[in-house]
Amino acid sequence: MEPNKEQLIADIENLLNRYTGLKPTHIDPKLLTFMDRDTLLHIIDSLLRQQENVNESNIEWLEQFKSHKPL
């Protein structure tokens, strides 16, 4: 069974709320009623890609310290 629009909106909220230190995000479903399912899926895909890129950037940043020897 495919997720309905309400579930997709909840998924978007969950993805946005993964960022620590920020106020929780609550999306009024009424604001997204004009969006179709494909648009909501695109938003989810975009958020996942952004989070993946952030994680990769963090790993690259942390890796630079492995090459340095402690004093």
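Model, not experiment: these values are computed from the prediction.

Student: Lay out the nonpolar core with the relevant residues and their values.
Tutor: Listed in full, the 10 residues of the largest apolar core are Leu8, Ile9, Ile12, Leu15, Ile27, Leu32, Met35, Leu40, Ile44 and Leu47. Mapped onto this core, the elements with two or more residues apiece are helix 1 (5-16) and helix 2 (37-63). When residues in this core are grouped by element, the largest group, four residues, is from helix 1. Non-local contacts of Leu47, meaning those with residues more than four positions away in its chain, are made with Ile12, Leu15 and Leu16.

Student: Account for helix 1, with residues named and values stated.
Tutor: The first and last C-alpha atoms of helix 1 sit 17 Å apart over 12 residues, in line with the 16 Å expected at 1.5 Å per residue. Among all positions in helix 1, only Leu8, Ile9, Ile12, Glu13 and Leu15 are buried. Angularly, the buried residues of helix 1 cover 165° about the axis, an arc narrow enough to put them on a single face. Measuring from the side-chain oxygen of the N-cap residue of helix 1 to the backbone nitrogen of Glu6 gives 3.2 Å; that N-cap residue is Asn4.

Student: Give me the lowdown on the pattern of salt bridges, citing residues and values where you can.
Tutor: Following the criterion strictly, the structure yields one salt bridge and no others. A salt bridge links Arg49 to Asp45; the shortest N-O distance between them is 3.0 Å. Here Arg49 pairs with Asp45, and both are found in helix 2, just four residues apart, close to one helical turn. Take Arg49: its relative accessible area is 52%, and that puts it in the exposed class. The exposure class assigned to Asp45 is partly exposed, which follows from its relative accessible area of 33%.

About the cut-offs
- Residues numbered from 1 in each chain as written.
- Predicted model: local features only at pLDDT ≥ 70, side-chain atom pairs only at ≥ 80, totals over all residues.
- Heavy atoms only, no water.
- Core = buried A, V, L, I, M, F, W, Y, C linked by side-chain atoms within 4.5 Å.
- Buried < 20%, exposed > 50% of the residue type's maximum accessible area, 1.4 Å probe, protein only.
- Helix = DSSP H or I, 4+ residues; strand = E, 2+ residues; numbered from the N terminus.
- Contact = heavy atoms within 4.5 Å.
- Expected span 1.5 Å × (residues − 1).
- Arc of directions from axis to C-beta.
- Polar contact = N/O pair within 3.5 Å; in protein donor to acceptor, adjacent residues only side chain to side chain.
- Salt bridge = Lys/Arg side-chain N within 4 Å of Asp/Glu carboxyl O.

Such coordinate-based values are descriptive only and should not be taken to indicate function.
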